Amino acid sequence: MAAINRLMRPICRMGYSTLASQKPSNQWGVAGIDQGSRSQPLNGGPKGSNMQWIFLGCPGVGKGTYASRLSRFLGIPHIATGDLLREELAQCGPSATELASIVNQGKLVPDEIIVNLLSRHLEKSALKGESGFILDGFPRTTRQAEILEQVTEIDLVVNLKLREDVLLQKCLGRRICSQCGNNYNVASINFEAKDGHPAISMPPLLAPPSCESKLITREDDTEEVVKERLRVYHDKSRPVEDFYRSRGKLLEFELPGGIPESWPKLLAALNIEESDSKHELAA
């Protein structure tokens, strides 16, 4: 916790703390922005190095994908608590065994474990001279949000949204290369408009030939576990959205499709201008 207090300090950053509190807009499924009164655009690069953002959303919605791309685009460290948990699971010992049991049942990991892992990561980041962050996967409960609020000022909370039937198919299609660790998806998603949601199409993200024979499925990516994760999210994590909405910091963005379609619209919703380096993120 000491590391969190040292590193996650409140800073006034480029007007983005007010961006999410502006009037709603329905453009591209965005709520929380008035397109006509936003702050000046932010280009990718070191100017964004002190921003402190959070990405929220159901399991499998793509928090890690978009947070990671934005991290590279803006030069801000990406902290994915899911990755921290997987690193811990790869270790041998009683704590890893206990953690594996929790994760494989689709349950939420206790706050104490998450905070400890995050604190250790921030200590390493401090040694490397890093500042600012994009948090992915934390907080997941209002208690975690309250802990975070006590030690830092979050500038913006981006809530990614996607239809639950699409989420289920997307999660079941996830694959990981057992050698390089890259993530792929074999699902070819085509859903018609339903319950007020527009039609959505997502092509598969296929692995290159060098990875095809090494693809594995995560143990917790079964239909039963995925549905349980979604249920737990709705019960425990939806209040987190309300927590940040009440503070005027929540930006809701409904993904209109796959990365090629969603990425430029997400940048526009965040008032971020694409730079000449955008081709580096096209993959």
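This report concerns the structure included in the present document. Chains are numbered independently. Their residues run from 1 in the order of the written sequence. In keeping with the predicted nature of the model, local features appear solely for residues at pLDDT of at least 70, side-chain atom pairs appear and are counted solely at 80 or more, and the whole-chain, interface and lining totals rest on all residues. Side-chain metrics in this entry use all non-hydrogen atoms of the structure; hydrogen atoms and water are not considered.

1. A word on the packing of helix H7 (residues 142-151) against helix H10 (residues 223-245)
No. 1: Structural elements are reduced to axes, namely lines fitted to C-alpha atoms, with helices fitted over the stretch in contact, and the angle between N-to-C directions of any two is expressed from 0 to 180 degrees. Helix and strand assignments come from DSSP, with helices taken as H or I runs of at least 4 residues and strands as E runs of at least 2, each series counted from the N terminus. Interhelical geometry of H7 versus H10 gives an angle of 35 degrees and a closest axis separation of 8 Å. Along the contact surface, H7 presents Thr-142, Ala-145, Glu-146, Leu-148 and Glu-149, while H10 presents Pro-239, Val-240, Phe-243 and Tyr-244. Two residues form a contact once any of their heavy atoms are found within 4.5 Å.

2. Quick look at empty space enclosed by the protein
No. 1: Only protein atoms enter the 1 Å grid used here. Points where a 1.4 Å probe fits but cannot escape make up a cavity, open sets with protein on both sides within 12 Å along at least five of seven lines make up a pocket, and a residue lines them when an atom lies within 4 Å of a point. Grid points are joined across faces, edges and corners, and a volume is the space filled by probe spheres set on the points. As enumerated under the stated definition, the model contains two cavities of 30 Å³ or more in all.
No. 2: Put simply, the second largest cavity is a space of about 50 Å³.
No. 3: Taken together, Leu-162, Arg-163, His-197, Pro-198, Ala-199, Ile-200, Glu-254, Leu-255 and Pro-256 form the lining of the second largest cavity.
No. 4: In terms of residue class, the lining of the second largest cavity is made up of six nonpolar, one polar and two charged. Amino acid classes used here: Ala, Val, Leu, Ile, Met, Phe, Trp, Tyr, Cys and Pro are nonpolar; Asp, Glu, Lys and Arg are charged; the rest, including Gly, are polar.

3. What to know about the nonpolar core
No. 1: Ranked by size, the top nonpolar core spans 36 residues in total, and within it Trp-53, Phe-55, Leu-70 and Leu-270 carry the most contacts.
No. 2: Counting residues per element, the ones that place at least two in this core are strand S3 (52-56), helix H3 (63-74), strand S6 (156-161), helix H8 (164-172), strand S10 (200-202), H10, strand S12 (250-254) and helix H11 (259-269).
No. 3: With five residues, the top contributor of residues to this core is H3.
No. 4: Filtering out sequence-adjacent residues up to four positions away, Leu-70 remains in contact with Trp-53, Phe-55, Ile-134, Trp-263, Leu-267, Leu-270 and Ile-272. Take the buried residues of types Ala, Val, Leu, Ile, Met, Phe, Trp, Tyr and Cys, join any two whose side-chain atoms come within 4.5 Å, and each joined set is a nonpolar core. Each residue's exposure class comes from its accessible area (1.4 Å probe, protein chains only) as a fraction of the maximum for that residue type: buried when under 20%, exposed when over 50%, partly exposed otherwise.

4. Quick look at the environment of Glu-274
No. 1: Along the chain, the position of Glu-274 falls in the segment after strand S13 (272-273).
No. 2: Take Glu-274: its relative accessible area is 37%, and that puts it in the partly exposed class.
No. 3: Here the alpha-carbon distance between Glu-274 and Pro-264, two residues ten residues apart in the chain, equals 8.0 Å.
No. 4: Apart from residues no more than four positions distant in its own chain, Glu-274 is found in contact with Phe-73, Pro-264 and Leu-267.

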